[in-house]
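# Structural features, examined
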Amino acid sequence: MNVLNTPEPDFMQEEEIVLFSDSVSKWINDHAPPEKFQQWIANSSVPRQLWNDAGDAGLLGLSLPEEDGGFGGDYRHEVVLMRQLGWKGADHFGISLHNAIVMPYIWHYGTAEQKARWLPRLASGELVGAIAMTEPGAGSDLQGIKTTAIKSGDHYVLNGSKTFITNGQLANFIIVVAKTDPAEGAKGTSLIVVETDGAEGFERGRNLHKIGMEANDTSELFFNDVKIPLDNIIGGGEGQGFVQLMQQLPQERLNIAVQGVAAAERGLEATLDYVKQRKAFGKRVIDFQNTQFKLAEVKTKLTVAKVFVDHCIGLHLKGQLDAATASMAKYWVTDIQGETIDEMLQLFGGYGYMNEYPIAQLYKDARVQRIYGGTNEIMKLLIARTL
């Protein structure tokens, strides 16, 4: 999809990346066509088999080295997958969280034993990943978490609850943000892996009923005296969790910006198709000057957003994306996503409010983008600290 008619940066035009994009497009057409996704929305979850299918196709662990069981690519491959999912309306599938948020914690910080134990199983689809940060009383303020993992003999005892956890119903590999030393605040935070199969004291709450992103299972999780082996602490030592989170959050926020542009591009394509066919007062909706002006504004804003996101991708590939710039991308792009999709829905008139039109789904899905990954207000605070 190139509805914006903007040239791709050189690093996205390499032949291998273009061919990979074509193969991902075909895989989504085969495994997640619109008719299936509508059923998954009704079920509030994608089928578990889809994860195995993705593993068989090599789509799990895209930026993971081959020696660790991955595809052997880099962040560009993650971008391709996120864009294709967004362009085709299959972005409720939580594969990018698994690939580009959960797995990097193990690859960057895991011990050699942890990498060997977990990465190949995450890449095959045997394990479905989630990360449990948010709690009922702590969202963007990660220092305020109450979940504890207290050492007791040869294990940790994990207690607490998490909410709004993406992939929460299907995940069997959950990175839990917990306090291993509550008296130390942020310095006492660690990342603990819970393999949920057979874990006594672990409970899933309800599959949360959301405004949008309905096919993505999002859950409450409860940990009641769950015994966790000592060697399940990421990095092998306590107190590293907050630093690990801060180092990985820029990529998470860039992911959200990439997804925001892709979804808005899909919205523009759908809107152009509609206004070129729909007639009012004897002429096509596209022929009204107001329509042309509104869509000119939308195209301009999305072009600026895409160019900035491409710039951030380039920085990230070189290891130069800082937290403030990632925060700019996350907050500004998601604001623009919501604003432009709202404008485009208006051009559909009453049909834009009907669920059978894709613009309605895009409108619902866009709202959470300004909340998760750190609210946009938190992003502005992070940016302001650099002034």
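Above: the structure in question.
Quantities reported herein were computed from a predicted structural model and do not represent experimental measurements. (Residues numbered from 1 in each chain as written. Predicted model: local features only at pLDDT ≥ 70, side-chain atom pairs only at ≥ 80, totals over all residues. Heavy atoms only, no water.)

The helix and strand tally for the chain stands at eleven helices and nine strands. Rg of the C-alpha trace for the chain: 21 Å, near the compact-globule value of 21 Å for 387 residues, within the 12% margin. Expressed along its principal axes, the backbone C-alpha trace of the chain runs to roughly 80 × 40 × 40 Å. A total of 387 residues make up the chain; the buried ones form 54% of that total. Considering only intrachain contacts with a sequence separation of at least 6, the fraction spanning at least 24 residues in the chain is 74%. In the chain, 36 side chains carry a positive charge and 48 a negative one; their mean positions are 7 Å apart. (Helix = DSSP H or I, 4+ residues; strand = E, 2+ residues; numbered from the N terminus. Rg over C-alpha atoms; globule rule 2.2 N^0.38 Å. Buried < 20%, exposed > 50% of the residue type's maximum accessible area, 1.4 Å probe, protein only. Contact = heavy atoms within 4.5 Å. Lys, Arg positive; Asp, Glu negative; His and termini not counted. Charge placed at Lys NZ, Arg CZ, Asp CG, Glu CD.)

A few words on the packing of helix α1 (residues 15-31) against helix α4 (residues 75-87). It is at 9 Å that the axes of α1 and α4 come closest, and there the two elements cross at 35 degrees. Relative to α4, the crossing made by α1 is right-handed. Where α1 approaches α4, its residues Glu16, Ile17, Phe20, Ser21, Val24, Ser25 and Ile28 are matched on the opposing element by Arg76, His77, Val80, Leu81, Gln84 and Leu85. (Axes fitted to C-alpha atoms, helices over the stretch in contact; angles between N-to-C directions. Left-handed = near helix turned anticlockwise from the far one by under 90°.)

With that settled, the discussion passes to the nonpolar core. Formed by 60 residues in total, the largest nonpolar core has its most connected members in Phe93, Ile95 and Leu158. The element contributing the most residues to this core is α4, with six residues. (Core = buried A, V, L, I, M, F, W, Y, C linked by side-chain atoms within 4.5 Å.)

Let's shift gears to a nonpolar patch on the surface. Judged by side-chain polarity, Tyr351, Tyr353 and Met354 come together as a nonpolar surface patch covering roughly 360 Å² of accessible area. As for its position among the elements, Tyr353 is in the loop between α9 (323-347) and α10 (358-366). (Patch = residues over 30% accessible without salt bridge, like charges linked within 9 Å, V, L, I, M, F, W, Y side chains within 5 Å. Areas by Shrake-Rupley, 256 points an atom, 1.4 Å probe, with all protein chains shown as cover. Salt bridge = Lys/Arg side-chain N within 4 Å of Asp/Glu carboxyl O.)

Our next topic: the packing of aromatic side chains. Taken as a whole, this structure holds ten aromatic pairs when the rule is applied. Here Tyr351 and Tyr357 contribute two aromatic rings whose centre-to-centre distance is 5.5 Å and whose plane-to-plane angle is 45 degrees, an arrangement assigned as tilted. Tyr351 sits in the partly exposed class, given a relative accessible area of 37%. According to the relative accessible area criterion, Tyr357 is partly exposed, its value standing at 24%. Ring-pair connections join several aromatic residues into one group, and the members of that group are Tyr274, Phe348, Tyr351 and Tyr357. A cation over a ring is seen here: Lys115 above Trp107, with NZ or CZ 5.6 Å from the ring centre. (Phe/Tyr/Trp six-rings, centres within 6.5 Å; stacked < 30°, edge-to-face > 60°. Lys NZ or Arg CZ within 6 Å of the ring centre and 35° of its normal.)

Take α10 next. Of all nine residues in α10, seven are buried; the element is thus mostly enclosed. Residues of α10 that are buried include every one of Ile359, Ala360, Gln361, Leu362, Lys364, Asp365 and Ala366, and no others.

Bringing the pattern of salt bridges into the picture now. Overall, the coordinates contain 18 salt bridges when judged by the stated rule. For Asp74, the salt bridge is made with Arg76, and the minimal N-O distance between the two is 2.9 Å. According to the relative accessible area criterion, Arg76 is buried, its value standing at 11%. With a closest N to O distance of 2.6 Å, Asp310 and Arg83 form a salt bridge. Within this pair, whereas Asp310 is found in helix α8 (residues 289-317), its partner Arg83 is found in helix α4, the two being separated by 227 residues in sequence. Comparing Asp310 with Arg83 shows no difference in burial state: the two are buried. What emerges from the salt-bridge pattern is a single network uniting Glu113, Arg117, Arg121, Glu126, Glu195 and Asp231.

What follows is about unusual backbone geometry. Residue Ser44 is not a glycine yet carries a positive backbone phi of 60 degrees. Note on placement: Ser44 falls in the loop between α2 (34-43) and α3 (48-56). The backbone phi angle of Met213 is positive, close to 50 degrees, even though this residue is not glycine. Classification of Met213 by relative accessible area gives buried; the value is 13%.

Turning our eyes to something else, we now look at helix α11 (residues 376-384). Three or four residues apart is the spacing at which side chains of an α-helix point the same way, because the helix has 3.6 residues per turn. Taken together, the buried positions of α11 are occupied by Asn376, Met379 and Ile383. All buried residues of α11 lie within an arc of 45 degrees about the axis, which places them on one face of the element. Away from its buried face, by an angle of more than 90 degrees, α11 presents the exposed residues Glu377 and Leu381. Packing partners of the buried residues in α11 comprise α7 (241-277) and α9. (Arc of directions from axis to C-beta.)

Turning our attention to the environment of Asn207. Within the secondary structure, Asn207 sits in strand β6 (residues 202-207). Look at Asn207 and you get partly exposed, because its relative accessible area is 27%. When sequence neighbours within four positions are dropped, the list of residues in contact with Asn207 reads Ser44, Ser45, Gln169, Asp217, Thr218 and Ser219. Here the side chain of Asn207 touches Ser44 through a polar contact of 2.9 Å, landing on its backbone oxygen. Polar contacts involving the side chain of Asn207 include one to the main-chain amide nitrogen of Thr218, which spans 3.2 Å. (Polar contact = N/O pair within 3.5 Å; in protein donor to acceptor, adjacent residues only side chain to side chain.)

Turning to the side chain of Asn167, a few remarks are in order. When you line up the elements, Asn167 lands in the loop between β3 (155-166) and β4 (173-179). Residue Asn167 is classed as buried on the basis of its relative accessible area, which comes to 0%. A polar side-chain atom of Asn167 sits 3.4 Å from a polar atom in the side chain of Asn216. Contact partners of Asn167, with chain neighbours within four places excluded, come to Trp51, Gly94, Leu97, Gly129, Ala130, Asn216 and Asp217.

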